[in-house]
Amino acid sequence: MKRAAFVIGVAVLVAGPALATEPDAITWSQIPTKDVTLFFPGETSYQWLRSAGHKNPLKGNVQGQRCISCHQGQEAALGNKLVQEGPLEPTPIADKNGVLNLAVQAAHDDEYLYFRFQWKTNMDREGRMHNMVRYDGTGWQWFGGHRAEDAVIDGAQPPIYEDRLAIMLDDGSVPGFAEQGCWLACHDSMRDMQEPPDAAAVRENFYLGAILNKKDVRKFLPLSRTDEEASWDTLKTPGEIAELKAAGQFLDLMQWRAARSNPVGMADDGYVLEYRLFDAGRKMFSWNIDKKTMTPKFMFDEAKVGFSALRVEDFTDSSKPTFIIEEQNATPYDPNAGFQEGDILPGRLLSAQTEGSAGDNDWAKGTWKDSMYTVVFRRKLDTGNPLDDKILEVGGVYTIGLSVHDDNVTTRFHQVSFPLTLGIGTKADIEAVTLK
Ligand code: HEC
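In this report, we go over the structure that sits alongside the text. (Residues numbered from 1 in each chain as written. Predicted model: local features only at pLDDT ≥ 70, side-chain atom pairs only at ≥ 80, totals over all residues. Heavy atoms only, no water.)

### Notes on helix α3 (residues 75–82)
Buried within α3 we find E75, G79 and L82. Buried positions in α3, seen along its axis, are confined to an arc of 75° and lie on one side of it. In α3, the exposed positions angled more than 90 degrees off the buried face are occupied by A77 and K81. Those residues of α3 hidden inside the fold are in contact with β1 (34–39) and α2 (67–71). (Buried < 20%, exposed > 50% of the residue type's maximum accessible area, 1.4 Å probe, protein only. Helix = DSSP H or I, 4+ residues; strand = E, 2+ residues; numbered from the N terminus. Arc of directions from axis to C-beta. Contact = heavy atoms within 4.5 Å.)

### Re the pairing of strand β5 (residues 140–143)
Of the strand pairs in this sheet, strand β4 (residues 132–135) and β5 are connected by four bridges, and their pairing is antiparallel. Note that in β5 the partner of V133 across the bridge is W142. Linkage of β4 to β5, two consecutive antiparallel strands, is achieved through a turn of four residues, within which G137 is found at a positive phi near 105°. (Pairing = 2+ DSSP bridges.)

### Some points on the layout of surface pockets
Put simply, the second largest pocket is a space of about 700 Å³. Looking at the second largest pocket, it is lined by 29 residues, and the ones nearest its centre are W48, H54, H71, L78 and L88. Elements represented by at least two residues in the lining of the second largest pocket include exactly α1 (46–49), α2 and α3. Across the lining of the second largest pocket, the residue classes break down as 13 nonpolar, 11 polar and five charged. (1 Å grid on protein atoms, 1.4 Å probe; cavity = no way out; pocket = protein on both sides within 12 Å on 5 of 7 lines; lining within 4 Å. Points joined across faces, edges and corners; volume = space filled by probe spheres on them. Nonpolar A, V, L, I, M, F, W, Y, C, P; charged D, E, K, R; others polar.)

### As for the coordination of the iron atom of the ligand
The iron atom of the ligand binds to the protein through H54 (NE2) and H71 (NE2), with metal-donor distances spanning 2.0 Å. Taken together, the six donor atoms coordinating the iron atom of the ligand and their angles of 85 to 178° define a geometry best described as octahedral. Here H71 lies in helix α2 and H54 lies in the loop between α1 and α2, a separation of 17 residues in the sequence. Here H54 falls in the buried class, since its relative accessible area comes to 12%. (Donors = N, O, S within 2.8 Å, 3.2 Å for Na, K, Ca; no water. Tetrahedral: all angles 85-135°; square planar, octahedral: opposite > 155°, others 65-115°.)

So this is what it looks like as structure tokens:
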């Protein structure tokens, strides 16, 4: 990915440039803002919604019942309740915010869809660290973790996990997504939910283990399973799944990641069908550590950044990078570089040299200031990759679900939206206005 020079001071709404617009150059102050209330969902899964635990159990597979036909305006009340200990939150996180207000703006031209998101963070620093390793005097050990991890709850490790913003999107191909949004993809069998199967059982599964090489369950669509309950292990055959995918019966899932994509100015690109998977090609992050030997692959290039490893106090020093980018500030790891106890290296390696569909979201920039994130993002309307992206059209109306992982959390410990409509140059809950 190569970033073109920024177009400065162009009043796009008045007289736009003929070339593709840099999202930064859009006059965002002139684009309407939709305030969306995201809320903490606890363990409200596809299965729970259809159980007696939900006072009005949803019937069958997909009945077209819209969450907001009964819950309009209840987001804040639901989030503030679900974030507390209870039947749907067995492991509450101390001081967790149940509600997150997300300001959403959208625009488009002939080539791109643009978004700008803003939200206040629960914490007074950026979540720009992820999978760090610390030198203990003899070797490298994982340092920190997300806030639902035992070692973090015990205080043995500090909370260290990246902030994220995710967009799930469908064009009407997935039955029920317009009505029930992200809840179609969320199941009791997933990590950190009610009944995750153990790793051995997943490995033995004819599909998740044998074909996908997985050891846990992540998001999936009920239409990829053979039973009405949408059990984790009843997958359709590889041939049937391939047919669903070719017919566009998947959700597009794009994530802006403060540690693993933002430093290279990108967002990741994935999809949800039989699992949450990345699009074909090479994405922007990989491991910077051999997990068997706990040996880093790269360290910081001292000649370029002035140090070969970080110290913990550097985490809040925005002049110092907390990420290693292969083509920018990295040099091969040298065990004799004189590491001291307490030196820290990123366990992830970034590169903007992506390949294929996995690199489609090639312009995303998040900045954090005064406890507020501003994330600007663009995505091609037609990525040219219909096998793992939704192809968008001017005049089209789509369904999106939004989520934010705020303050060192992962998996279900995010805040989410009910499904929203997105109109490209046409009226909807969120209207992407036409740039002229
Ligand atoms: C036909 C109406 C209806 C629909 C559709 C519906 N619900 Fe509910 N839901 C209810 C009722 C009634 C309650 C109980 C409210 C109460 O106890 O005050 C409830 C409760 C809840 C609760 C609160 C649980 C608790 O412990 O307080 C959540 C969360 C919830 N629903 C989520 C959803 C989601 C997500 C959807 C869409 C996938 C949905 N509901 C669709 C009627 C509905």
